[in-house]
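Chain residues, written in single-letter form:
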Amino acid sequence: MQKQECVAMLLAGGQGSRLGVLTRHLAKPAVPYGGKYRIIDFTLSNCVNSGIDTVGVLTQYQPLDLNAYIGSGQPWDLDRMNGGVHVLPPYQQMRGAQWYKGTANAVYQNIHFIERYGPEYVLVLSGDHIYKMDYGKMLAYHKSKGAACTIAMLEVPWEEASRFGLMLTDGDGNITEFEEKPKNPRSNKASMGVYVFTWEKLRQYLLEDEAKEDSSSDFGKDVIPAMHGAGERLCAYAFGGYWKDVGTIDSLWEANMDLLNPKVDINLSDPHWKIYARSPAAPPHYMAEGAQVQNSMVTEGCVVEGEVDFSILFPNVNVEAGAVVRDSILMPGVCVKSGARVQYAIVAENALVEANASVGARPEDVANKNTWGVAVVGAGITIGKGAVVAPNAMIETSVGGAAA
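Cut-offs and rules
- Residues numbered from 1 in each chain as written.
- Predicted model: local features only at pLDDT ≥ 70, side-chain atom pairs only at ≥ 80, totals over all residues.
- Heavy atoms only, no water.
- Salt bridge = Lys/Arg side-chain N within 4 Å of Asp/Glu carboxyl O.
- Buried < 20%, exposed > 50% of the residue type's maximum accessible area, 1.4 Å probe, protein only.
- Helix = DSSP H or I, 4+ residues; strand = E, 2+ residues; numbered from the N terminus.
- Pairing = 2+ DSSP bridges.
- Phe/Tyr/Trp six-rings, centres within 6.5 Å; stacked < 30°, edge-to-face > 60°.
- Lys NZ or Arg CZ within 6 Å of the ring centre and 35° of its normal.
- Arc of directions from axis to C-beta.

Draft legend 1. Representation of the pattern of salt bridges. Taken as a whole, this structure holds 18 salt bridges when the rule is applied. A salt bridge links E160 to R163; the nearest nitrogen and oxygen atoms lie 3.4 Å apart. Taking relative accessible area as the criterion, R163 reaches 54% and is therefore assigned exposed. Its salt-bridge partner being R326, residue E307 comes within 2.9 Å of it at the nearest N-O pair.

Draft legend 2. Seen up close, the pairing of strand β14 (residues 234–238). The buried fraction of β14 amounts to 4 of the 5 residues, a majority that puts the element mostly inside the structure. In this structure, strand β10 (residues 149–155) lies alongside β14, joined through 5 bridges in parallel fashion. Bridge pairing links T150 to C235 in β14.

Draft legend 3. How the structure looks around the sheet that holds strand β19 (residues 303–304). Strand order in the open sheet made by the 6 strands is β16-β19-β22-β25-β28-β31, with parallel pairing throughout. Each of the sheet's edge strands pairs with one partner strand only, and the pair in question is β16 (286–287) and β31 (382–383). In this structure, β19 lies alongside strand β22 (residues 318–319), joined through 2 bridges in parallel fashion. By the bridge assignment for β22, V304 is matched with V319.

Draft legend 4. Spatial organisation of the pairing of strand β1 (residues 6–11). The buried count for β1 comes to 6 of 6 residues, which makes it a mostly enclosed element. By the alternation rule, side chains of β1 split into C6, A8 and L10 and V7, M9 and L11, which are all buried. Relative to strand β8 (residues 121–126), β1 runs parallel, the two being bridged by 6 bridges. When the sheet's bridge partners are listed, L11 is paired in β8 with S126. Alignment of β1 against strand β4 (residues 54–58), held across 4 bridges, turns out to be parallel. Counterpart to A8 in the pairing with β4 is V55.

Draft legend 5. Quick look at the packing of aromatic side chains. This structure, assessed with the given rule, holds 13 aromatic pairs. Centre to centre, the rings of Y195 and F219 are 5.9 Å apart; their planes meet at 40 degrees, and the pair counts as tilted. Of this pair, Y195 sits in strand β13 (residues 189–198) while F219 is found in helix α7 (residues 219–229), placing the two residues 24 residues apart along the sequence. With respect to burial, Y195 and F219 carry one shared label: buried. Here a set of aromatic residues connected by ring pairs shows up, and it is made of Y33, Y37 and F42. Against the face of Y69 rests R38, its NZ or CZ located 5.7 Å from the ring centre.

Draft legend 6. Focus on the sheet that holds strand β32 (residues 388–389). An order of β17-β20-β23-β26-β29-β32 is seen for the 6 strands of this open sheet, with the pairing classed as parallel. Each edge of the open sheet is held by one strand with a lone partner, namely β17 (292–294) and β32.

Draft legend 7. Summary view of α7. Taken together, the buried positions of α7 are occupied by F219, D222, V223, I224 and M227. Buried residues of α7 fall within an arc of 160 degrees about the axis and therefore sit on the same side. Facing away from the buried side of α7 by over 90 degrees, the exposed positions are K221 and G229. Once α7 ends, the next one or two residues include G231, with phi positive near 85 degrees.

Structural data, given as structure tokens:
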């Protein structure tokens, strides 16, 4: 086995419970995003664009669709004889599988996989963030600092800082203190959950953490604080681009809508940093005479006869004549029948919104603003003729003509 300087370990096993019905039967990194992608496409594409071609994907919760999606890794140029992408479920023992107890334990269970490649460095990534980042530059920074661990850092607005794990640094970029979601933050330098470790150091602390019965086996809560407490050099790497944690319905909706905002710099068309995906084969989209489409992304296979505004349509979506879709995300195979209205909503794969049904509402049309939110319809669900799905609803079973 040819040695690799750096191996990436991509954490993709989280349940994503805050996404509700969207992740009831689907791992969060496999949730559709941006018309043709899955969330995990960004991290995988970042790896290959950064020259890192050995990637372990650590799966656990509802892994089947994610495993099938990754396959051999061919769409990301990760189908290689040496290295490439490897799906790594919890380790099988004689008494069955031992589930990953935490992010650090997930990497600990795969120490043998890492050591097959004899790396000097290990990159630990999350599979549920939307961003474009050159990990090669971060690795070079880590090496120049002689650090045991380097943490990617994003400066966030001060009013939002209390939502994040924060770092305090000295003038040389060394991390001096950590604050975990403090009420009164002293820093706005937030951890992105992207780490570069010197493998020799990481291996030592993973073994020590595993020996602690009371440890939650988490990088942020256990391993990195232990390294800091032992006096290891920890550095912060400043990142200035777009980054979004899509762990909630609101953040997923916002991240999709950001693609339609000319003031937000995501640029999925950058030829120098392509985001690769396993896209379905579909015919060109079709806009019927009389269709009205503006400020939207419409993907292959869509048939639009009605009105679509500020929305994202994934492949094979059908919006019939007389239907209205605004400020919404329609995932693959959704059908919106004539007379139906979908507003401020996320409609999951292969759902059907029957004629004259209403899903969601605009904020200004809701009397009690505290009850407003993005409406969500689960995969394969039917919203019956004339049915009403209220704002902020989470629909898990098909709905007849009564209000939901």
